[in-house]
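Overview (structure and organization)
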Amino acid sequence: MIQAARNARTRFQGKFLTPRQAEALLEEPEFHIYDNPNAFLTCNHDPAKALCHPERTPRATSRVLPPAIDRCDPACANIARTDTHIDNLRSEIAELADQAASSLTPVPLKERLKQRITALQKLVDRHERTKTATIEEPKQP
Ligand code: SF4
């Protein structure tokens, strides 16, 4: 995703694209990036690795299937997370922790909330351990 952002900036920043150029841009696999804020991630769609399509190949037509973000698999190699996703994850964790601590929350639900918090915290920890350096902002003249 970082490489795609770099390349997009190098190639297209400040440029006007004709409809044909815009179409060509949309055809480039590198730029097939889908934000999925509900799952706290970005999908860098490589159809060969997509776990949301078990067959992982285009159907009879040669058309590449878009990702099925409503069936996003957390183990997919196409997942990337930004620090913004992680900030949102932390907010979600805090909200779930408040619910789990509430005396109004039934005990079985508290347990499910704690499991969810643990799963989300693992994503945060993994991001902090493995994150890649951010891209540099262009210098202002
Ligand atoms: S499983 Fe998720 S990350 Fe992987 S291709 Fe599908 S939508 Fe994208």
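To be clear, the structure that these remarks concern was listed above.
Residues numbered from 1 in each chain as written. Predicted model: local features only at pLDDT ≥ 70, side-chain atom pairs only at ≥ 80, totals over all residues. Heavy atoms only, no water.

1. Section: the packing of helix 3 (residues 83-101) against helix 4 (residues 107-130)
Orientation of helix 3 relative to helix 4, taken along the N-to-C sense of each, is 155°, at an axis distance of 9 Å. Compared by their axis directions, helix 3 and helix 4 come out roughly antiparallel. For the element pair helix 3 and helix 4, the recorded crossing hand is left-handed. Of the residues in helix 4, those touching helix 3 at D83, I86, L89, R90, E92, I93, L96, A97, Q99, A100 and A101 are K110, L113, R116, I117, L120, Q121, L123, V124, H127 and E128. (Axes fitted to C-alpha atoms, helices over the stretch in contact; angles between N-to-C directions. Helix = DSSP H or I, 4+ residues; strand = E, 2+ residues; numbered from the N terminus. Parallel < 35°, antiparallel > 145°, perpendicular 65-115°, else oblique. Left-handed = near helix turned anticlockwise from the far one by under 90°. Contact = heavy atoms within 4.5 Å.)

2. Some remarks on the sheet that holds strand 2 (residues 41-44)
Spatial ordering of the open sheet is given by 1-2-3, a layout of three strands whose pairing is antiparallel. For this open sheet the edge positions go to strand 1 (33-36) and strand 3 (79-80), each flanked by a neighbour on one side alone. The sheet contact formed by strand 1 and strand 2 spans four bridges and is antiparallel. Directly across from Y34, in strand 2, lies its bridge partner C43. (Pairing = 2+ DSSP bridges.)

3. Concerning the layout of surface pockets
Size it by volume and the largest pocket reaches roughly 630 Å³. Forming the walls of the largest pocket are 21 residues, and the residues nearest its centre are A80, R81, T82, H127 and T132. Of all elements in the fold, only helix 1 (2-12), strand 3 and helix 4 reach the threshold of two or more residues within the lining of the largest pocket. Per-element tally for the lining of the largest pocket: the top contributor is helix 4, with four residues. (1 Å grid on protein atoms, 1.4 Å probe; cavity = no way out; pocket = protein on both sides within 12 Å on 5 of 7 lines; lining within 4 Å. Points joined across faces, edges and corners; volume = space filled by probe spheres on them.)

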